[in-house]
Amino acid sequence: METRRRRLLLLVLVGPATLILLSTSIVPLVYSVLLSLQNYNLTDPFGRRFVGLYQFVRALRDPRLWQATVTTFQILVPSLVIELVLGIGIALLLNRKSRGLKAFRACILLPMMVTPVVVGLMWALMYNTNFGILNYFLSLVGAGAVEWLAYPNLAKLSLILVDIWQSTPFVVLIVLAGLQSLPPLAYLAARVDGATRWQTLRYITLPMLRPIIAVATLFRLLSLLVSFDVIYVLTGGGPGSATETLSMYIYKQGFVLCDVSYASALSYIFLVASIVATTRLVKLTAAPSQQYSGGGAS
């Protein structure tokens, strides 16, 4: 009898949360799978029919999808590399006991705390051709006004700069936390052996930070793959389709062209590709760290 009461109490407590979870995640997930197997456009609600894997085959033959993939990596790769290099460098500089560093640490984290839409609007004003502050500084040195968002390469560069400004503090935060958790005995042994700062960084700090850097890389990779807010506010995928990333292309298919079935299929292709890429990244970064740990243990 007591066991039955406990089960009933558990059902009462957990039941509402389970229903909310099912209604907000599981049900839409299943429904999107069914949509991807149909041909359904919101402009033709009565023309809905089952087509099997047609939408997935259509995606493989879609040249605009491949162009969006290339654009995504053209923005992702430079942003990720520069953010990691800057983040590690700044974290190394901040990992010291000095006056004023605490205030500087707080200030450097501010861009990360700003809402992405606000970041997009703020940088849109800064990039403005007529009254943007960037063109104002250029005019002080005699340079002409630059239309930052009007040309494909400049628009991509502008998006990369915005992401670096906003997301580098995230890498700094993770790497700095990792630096402060490293064992001091390793550095003491290095000083006893006469290691220089460069040798200490190369052979002790960076190898021990490898798992931390892998975590930062994984988080930033996932964030860059699904980046949408800033791109939507700044360029909307333009000029033309120059900054149309995968997330932007899926959005246009589903909410502009109303082709929800094709958008669902694209979303699942994007999901599988992201899982494969991140899994591969984890394996590549985990293997050397395990080897290093094993060497240290022996």
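Just above sits the structure.
Residues numbered from 1 in each chain as written. Predicted model: local features only at pLDDT ≥ 70, side-chain atom pairs only at ≥ 80, totals over all residues. Heavy atoms only, no water.

S.K.: I would appreciate a short explanation of the overall build of the protein in the present structure.
M.R.: A count of helices and strands for the protein gives 13 helices and 2 strands. For 298 residues, the compact-globule estimate of 2.2 N^0.38 gives 19 Å, and the C-alpha radius of gyration of the protein, at 25 Å, exceeds that figure by more than 25%. For the C-alpha atoms alone, the extent of the protein along its principal axes is close to 80 × 75 × 35 Å. By residue count, 36% of the 298 residues in the protein fall in the buried class. Surface exposure of the protein reaches about 18200 Å², of which carbon and sulfur atoms provide 69%. (Helix = DSSP H or I, 4+ residues; strand = E, 2+ residues; numbered from the N terminus. Rg over C-alpha atoms; globule rule 2.2 N^0.38 Å. Buried < 20%, exposed > 50% of the residue type's maximum accessible area, 1.4 Å probe, protein only. Areas by Shrake-Rupley, 256 points an atom, 1.4 Å probe, with all protein chains shown as cover.)

S.K.: How should I be thinking about the pattern of salt bridges in this particular structure?
M.R.: Any two side chains of opposite charge can pair, on the condition that their charged atoms come close. Inspection of the entire model under this criterion finds 5 salt bridges. Among the ionic pairs, Asp259 bridges to Arg58, the shortest N-O distance being 2.9 Å. Separated by 201 residues along the polypeptide, Asp259 in the loop between helix H12 (246-256) and helix H13 (260-297) and Arg58 in helix H2 (residues 54-60) bring together distant segments of the chain. Between Lys252 and Glu244 there is a salt bridge, with the nearest N and O atoms lying 3.2 Å from each other. A residue is classified by how much of its surface remains accessible, and Lys252, at 18% relative accessible area, is buried. According to the relative accessible area criterion, Glu244 is buried, its value standing at 1%. (Salt bridge = Lys/Arg side-chain N within 4 Å of Asp/Glu carboxyl O.)

S.K.: Just to check I follow, could you spell out helix H6 (residues 116-127) for this structure?
M.R.: For the α-helix, the turn length of 3.6 residues means that residues three or four positions removed from each other point alike. Taking 1.5 Å per residue, 12 residues should reach 16 Å; H6 reaches 16 Å between its end C-alpha atoms and fits that length. Of the positions making up H6, those classed as buried are Val119, Gly120, Trp123 and Tyr127. Taken end-on, H6 shows its buried residues confined to a sector of 100 degrees, consistent with a single buried face. Summarising the contacts, the buried residues of H6 are in contact with helix H7 (133-140), helix H8 (152-180) and helix H11 (229-234). (Expected span 1.5 Å × (residues − 1). Arc of directions from axis to C-beta. Contact = heavy atoms within 4.5 Å.)

S.K.: Whenever I open this one, the nonpolar core confuses me. Can you help?
M.R.: Ranked by internal contacts, the top residues of the largest apolar core, which has 37 residues, are Val175 and Leu266. For this core, the elements supplying multiple residues, two or more each, are helix H3 (63-94), helix H4 (101-108), H8, helix H9 (184-192), helix H10 (197-225), H12 and H13. Setting aside residues no more than four positions away along its own chain, Leu266 makes contact with Ala59, Leu65, Tyr249, Ile250 and Gln253. One finds Ile75, Val162, Val230 and Leu234 within the second-largest nonpolar core, a separate group that totals 13 residues. (Core = buried A, V, L, I, M, F, W, Y, C linked by side-chain atoms within 4.5 Å.)

S.K.: Which parts of the structure should I look at to understand the side chain of Gln253?
M.R.: By the secondary structure assignment, Gln253 is in helix H12. Apart from residues lying up to four places away in sequence, Gln253 is in contact with Arg58, Cys258, Asp259, Tyr262, Ala263 and Leu266.

S.K.: I'm lost on the packing of H3 against H8 in this one. Help?
M.R.: Angle between the axes and distance between the axes: these two values describe a pair of packed helices. Their axes nearest at 6 Å, the elements H3 and H8 cross at an angle of 40 degrees. Our classification of the angle between H3 and H8 gives oblique. Where H3 crosses over H8, the two elements pack in a sense that is right-handed. Residues belonging to the contact of H3 with H8 are distributed by class as follows: 18 nonpolar, 6 polar and 3 charged. (Axes fitted to C-alpha atoms, helices over the stretch in contact; angles between N-to-C directions. Parallel < 35°, antiparallel > 145°, perpendicular 65-115°, else oblique. Left-handed = near helix turned anticlockwise from the far one by under 90°. Nonpolar A, V, L, I, M, F, W, Y, C, P; charged D, E, K, R; others polar.)

S.K.: Would you mind showing me how to read the packing of aromatic side chains here?
M.R.: Aromatic ring pairs are described here by two measures, namely the spacing of the ring centres and the angle between the planes. According to the stated counting rule, one finds 9 aromatic pairs in the structure shown. Between Tyr251 and Phe255, the ring centres sit 5.6 Å apart and the planes meet at 25 degrees, which makes this aromatic pair stacked. Here Tyr251 and its partner Phe255 are both found in helix H12, 4 residues apart, which amounts to about one turn of the helix. The exposure class of Tyr251 is partly exposed, given its relative accessible area of 24%. A relative accessible area of 67% places Phe255 in the exposed class. Linked through ring pairs, Trp123, Tyr127, Trp148 and Trp165 together constitute an aromatic cluster. (Phe/Tyr/Trp six-rings, centres within 6.5 Å; stacked < 30°, edge-to-face > 60°.)

S.K.: When you look at the packing of H3 against H10 in this model, what are you seeing that I'm missing?
M.R.: Axis separation between H3 and H10 bottoms out at 10 Å; the angle between their running directions is 140 degrees. The angle between H3 and H10 places the two elements in the oblique class. The interaxial crossing formed by H3 with H10 has right-handed handedness. Along the contact surface, H3 presents Thr72, Leu76, Ser79, Leu80, Glu83, Leu84, Ile88 and Leu92, while H10 presents Leu201, Thr205, Leu206, Ile213, Ala216, Thr217, Arg220, Leu221, Leu224 and Leu225. Residue classes in the contact of H3 with H10 are distributed as 12 nonpolar, 4 polar and 2 charged.

S.K.: How should a nonpolar patch on the surface be read in this particular structure?
M.R.: Together, Leu19, Leu21, Leu22, Ile26, Val27, Val30 and Leu34 line one region of the surface with nonpolar side chains, adding up to about 630 Å² of accessible area. On the secondary structure map, Leu22 appears in helix H1 (residues 2-36). (Patch = residues over 30% accessible without salt bridge, like charges linked within 9 Å, V, L, I, M, F, W, Y side chains within 5 Å.)

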